[in-house]
Amino acid sequence: MTRSPNKLIPADFATVPGLDALDTAEVRVGPTDGDVGAVGFGVHTDGDVPAGLGFSREALEAAGFDAKPGATLLLPQADGPDLVAVGLGAASDVSPAALRDAVASFLRAAARHGRLELQIDLGDADRASALTALAEGALLARYRYTVLIGDSKHVPLASLTLGAGAGDAEADAAAVAAASVSARAAIVARDLANTPPGHLTATDMAEIAAVLGERFGFEVTSYDKAGLIELGCGGLLGVNQGSVEEPRMVVLHYKPEGDATGRLGLIGKGIMYDSGGISLKPSDPMHLLMKMDMGGAAAVLGAFTGLRDAGATSEVFGWLMCTDNMPSATAYKLGDVLTARGGTTIEVKNTDAEGRIAMSDAFALANEQDVDAIIDIATLTGAALVSLGGHVAAMLGNDDRVVELLKDSSASTDEKIWQMPLERKYRAQLDSNIADISNLGGPYGGAITAALFLDHFTGGTPWGHLDIAGTMQVEKDDSWRTQGATGFGARLLLDLATDFTA
């Protein structure tokens, strides 16, 4: 197959850029060999200052260091590694999330060094959870998308030694290994979402998924335009009408060894670039970010890379619904009626409400697989961003148990979500005079009406919905979230899928 020289080669993508950096980064627990560029010391707002730092609390405060969470003070040394004071807050407030943030702050303060050491008191936190959080924070904070920068000054993480007191060596190693699996999920999602749309088409996404599936133990089946026509996937095909690039529905399947404890379906919105179609978006900074409108599909694919190594015991299916949404003479139009898989007819009232249409076919396919629950994830509505800002994703669902599973995984991964009401009184806003449903509600409650549209296709299967439009990216480094795509949802979905039972 002849490929454009401007596109990433899928076989290479499976090892670079993010995965290659992850494979060469070593995180371990124990004493250091001394060959490090910087040593960090966790400092609480109460209690003693670590002796190895060589500064009293008064001296640190005089230098402007208050030991609050996120605070750092770099102390260059004329002879030996730099020293970094790392704020932990009160000793009673130590938690895995706080430790993840703290190690991220340390790595940012010591950004010019590849080999690091962090001395930290875990307090009363569960040791395994704390070590996993520390390793995760380090691997995620040092991530950078530099594949298209010829002279990048970024220093990748070569090694991090965690001095965290005595523990069981085997258990400590397992905790760090779990962090690498989780970080991998987010890094794959970040790499995909950060890649420019001219370098990553729906066809590329399918080929990349195939390479990752072979490497990380899941099956991948891709459906091209002809295959989608045969399946009757009129939602995805309708959105694709305006693009010169073919659509792809990428079906992922993970099957554990032994009897499966359940069947879980994950659906990801994969709009590789969203111009808005005929309902063209304004040319503003948000338009520039629309290369990340496939962040939901990226999160699902990232989560799948960790299922085998995390020991997931359920059978998990994934549907990545991938296409551009472009304006052209052949683009779908306002007033068109599309027929989704399963026969539901959809009146198009706005072509920029395309993600929900593209995902509609996948719900029917998930129910045909008789899954016990469906989770969809999508950069779906600006209303979610307006409602909850850039740090919290909107979550809605039709089943209390699924909602609680999502909340539990959110707490474990510190990928924050907030449940919004699936207010069925708003469902009438989606009524159509000429079709079963329209793709747009009224001017208010957009995150809710978008979820209600998807709920129409669940067929009553237990379902949860994550609207990650606000959390898909950050404009500057923020704790373990690096500038650009965050990979939000990949770790959360992996955590949920690992423990899922019917």
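Only a predicted model underlies this, so the values are computations on that prediction, with no experimental measurement involved. (Residues numbered from 1 in each chain as written. Predicted model: local features only at pLDDT ≥ 70, side-chain atom pairs only at ≥ 80, totals over all residues. Heavy atoms only, no water.)

Enquirer: Help me understand the packing of aromatic side chains, please; the structure alone is not making it clear to me.
Expert: For any pair of aromatic rings, geometry is given as the distance between the ring centres together with the angle between the planes. Using the criterion set out here, one finds three aromatic pairs in the structure. Geometrically, the ring pair formed by Phe317 and Trp319 is stacked, given 6.0 Å between the ring centres and 20° between the ring planes. Residue Phe317 is classed as buried on the basis of its relative accessible area, which comes to 5%. You can call Trp319 buried: its relative accessible area is 2%. The positively charged end of Arg481 is found above the aromatic ring belonging to Trp480, 4.1 Å away from the centroid. In this arrangement the basic side chain of Arg491 is found over the ring face of Trp480, its NZ or CZ atom lying 4.8 Å from the centre. (Phe/Tyr/Trp six-rings, centres within 6.5 Å; stacked < 30°, edge-to-face > 60°. Buried < 20%, exposed > 50% of the residue type's maximum accessible area, 1.4 Å probe, protein only. Lys NZ or Arg CZ within 6 Å of the ring centre and 35° of its normal.)

Enquirer: What is the right way to read the sheet that holds strand 11 (residues 337–339) from this model?
Expert: Taken in spatial order, the three strands of this open sheet run 11-12-16, and their pairing is mixed. Of all the strands in the sheet, the pair left with one neighbour each is strand 11 and strand 16 (437–438). (Pairing = 2+ DSSP bridges. Helix = DSSP H or I, 4+ residues; strand = E, 2+ residues; numbered from the N terminus.)

Enquirer: When you look at the packing of helix 6 (residues 169–194) against helix 11 (residues 295–310) in this model, what are you seeing that I'm missing?
Expert: When two helices pack together, their arrangement is given by the angle between their axes and by how far apart the axes lie. With their axes 8 Å apart at the nearest point, helix 6 and helix 11 run at an angle of 155° to one another. Taken as axis vectors, helix 6 and helix 11 run roughly antiparallel relative to one another. Regarding helix 6 and helix 11, the two cross each other, and that crossing is right-handed. Of the residues in helix 11, those touching helix 6 at Val181, Arg184, Ala185, Val188, Ala189 and Leu192 are Ala298, Ala299, Leu301, Gly302, Ala303, Thr305, Gly306, Asp309 and Ala310. Considering only residue class, the contact of helix 6 with helix 11 consists of ten nonpolar, three polar and two charged. (Axes fitted to C-alpha atoms, helices over the stretch in contact; angles between N-to-C directions. Parallel < 35°, antiparallel > 145°, perpendicular 65-115°, else oblique. Left-handed = near helix turned anticlockwise from the far one by under 90°. Contact = heavy atoms within 4.5 Å. Nonpolar A, V, L, I, M, F, W, Y, C, P; charged D, E, K, R; others polar.)

Enquirer: Explain the pattern of salt bridges here, please?
Expert: Where charged atoms of side chains with opposite charge meet at close range, the side chains can pair. Scanning the model with the defined rule gives 25 salt bridges in all. Between Glu354 and Lys269 there is a salt bridge; the shortest N-O distance is 3.4 Å. Of this pair, Glu354 sits in the loop between strand 12 (345–347) and helix 12 (355–368) while Lys269 sits in strand 9 (residues 263–274); the two residues are 85 residues apart in sequence, bridging distant segments of the chain. Its relative accessible area of 1% is what places Glu354 among the buried residues. The class of Lys269 is buried, set by a relative accessible area of 2%. Salt-bridge contacts for Arg427 lead to Asp431; the nearest nitrogen and oxygen are separated by 3.0 Å. When its relative accessible area of 44% is taken as the criterion, Asp431 is described as partly exposed. Here the salt bridges do not stand alone but share partners, grouping Arg100, Glu136, Glu415 and Arg491 into one network. (Salt bridge = Lys/Arg side-chain N within 4 Å of Asp/Glu carboxyl O.)

Enquirer: Where do I start with the pairing of strand 13 (residues 373–378) in this structure?
Expert: Successive residues of a regular strand alternate their side chains across the two faces of the sheet. For strand 13, the tally of buried residues reaches six of six residues, placing the bulk of the element in the interior. In this structure, strand 9 lies alongside strand 13, joined through five bridges in parallel fashion. In the sheet register, Gly265 faces strand 13, and the bridge partner there is Ile374. One ladder, built from five bridges, connects strand 13 with strand 17 (residues 463–467); its direction is parallel. Among the inter-strand pairings, Ile374 is bridged to a residue of strand 17, identified as Trp463.

Enquirer: How should the side chain of Asp455 be read in this particular structure?
Expert: Assignment of secondary structure puts Asp455 in helix 15 (residues 446–455). On the accessibility criterion, Asp455 (12% relative accessible area) is buried. Setting aside its immediate chain neighbours within four residues, Asp455 contacts Asn398, Leu422, Arg424 and Trp463.

Enquirer: Explain helix 11 here, please?
Expert: An α-helix turns once per 3.6 residues; consequently, residues spaced three or four apart project the same way. Taking 1.5 Å per residue as the helical rise, helix 11 with its 16 residues ought to reach 22 Å, and the 22 Å between its terminal C-alpha atoms agrees with that figure. Within helix 11, 13 of the 16 residues are buried, leaving the element largely enclosed by the surrounding structure. Positive backbone phi, at 80°, marks Gly311, one or two positions downstream of helix 11. (Expected span 1.5 Å × (residues − 1).)

Enquirer: Which parts of the structure should I look at to understand the sheet that holds strand 4 (residues 82–89)?
Expert: Where strands meet in a sheet, backbone hydrogen bonds hold them as pairs that are either parallel or antiparallel. An order of 1-6-5-2-4-3 is seen for the six strands of this open sheet, with the pairing classed as mixed. Of all strands in the sheet, those with a lone pairing partner are strand 1 (26–29) and strand 3 (72–75), marking the two edges. On average, adjacent strands in this sheet sit at an angle of 20° to one another, irrespective of strand direction. In this structure, strand 5 (residues 115–119) lies alongside strand 6 (residues 159–163), joined through five bridges in parallel fashion. Residue pairing across strands places Leu116 opposite Leu160, the latter belonging to strand 6. Here helix 4 (residues 96–109) sits on the sheet in contact with strand 2 (38–44), strand 3, strand 4, strand 5 and strand 6, set at roughly 155° to strand 4.

Enquirer: Explain the environment of Arg184 to me, please; I cannot follow it from the model alone.
Expert: Positionally, Arg184 belongs in helix 6. A sequence separation of 171 residues divides Arg184 from Gly355, and the C-alpha atoms of the two residues are 26 Å apart.

Enquirer: What's the story with the state of the cysteines in this structure? I'm lost.
Expert: In protein structure, a disulfide is the covalent linkage between the sulfur atoms of two cysteines. With the rule as written, the count across this model stands at zero disulfides. No disulfide involves Cys233; its sulfur sits 13 Å from the nearest other cysteine sulfur, which is in Cys322. (Disulfide = S-S within 2.5 Å.)

Enquirer: Help me understand the pairing of strand 2, please; the structure alone is not making it clear to me.
Expert: Counting buried residues along strand 2, seven of its seven residues qualify, which places the element largely inside the surrounding structure. The pairing of strand 2 with strand 4 spans seven bridges and is parallel. Among the inter-strand pairings, Gly40 is bridged to a residue of strand 4, identified as Val84.

Enquirer: Explain unusual backbone geometry to me, please; I cannot follow it from the model alone.
Expert: One can expect most non-glycine residues to show negative phi and most peptide bonds to be in trans. The residue Asp414 is not glycine, and still its phi comes out positive at about 60°. By relative accessible area, which is 10% here, Asp414 ends up buried.

Purely geometric stuff here, so don't read any function into it on its own.
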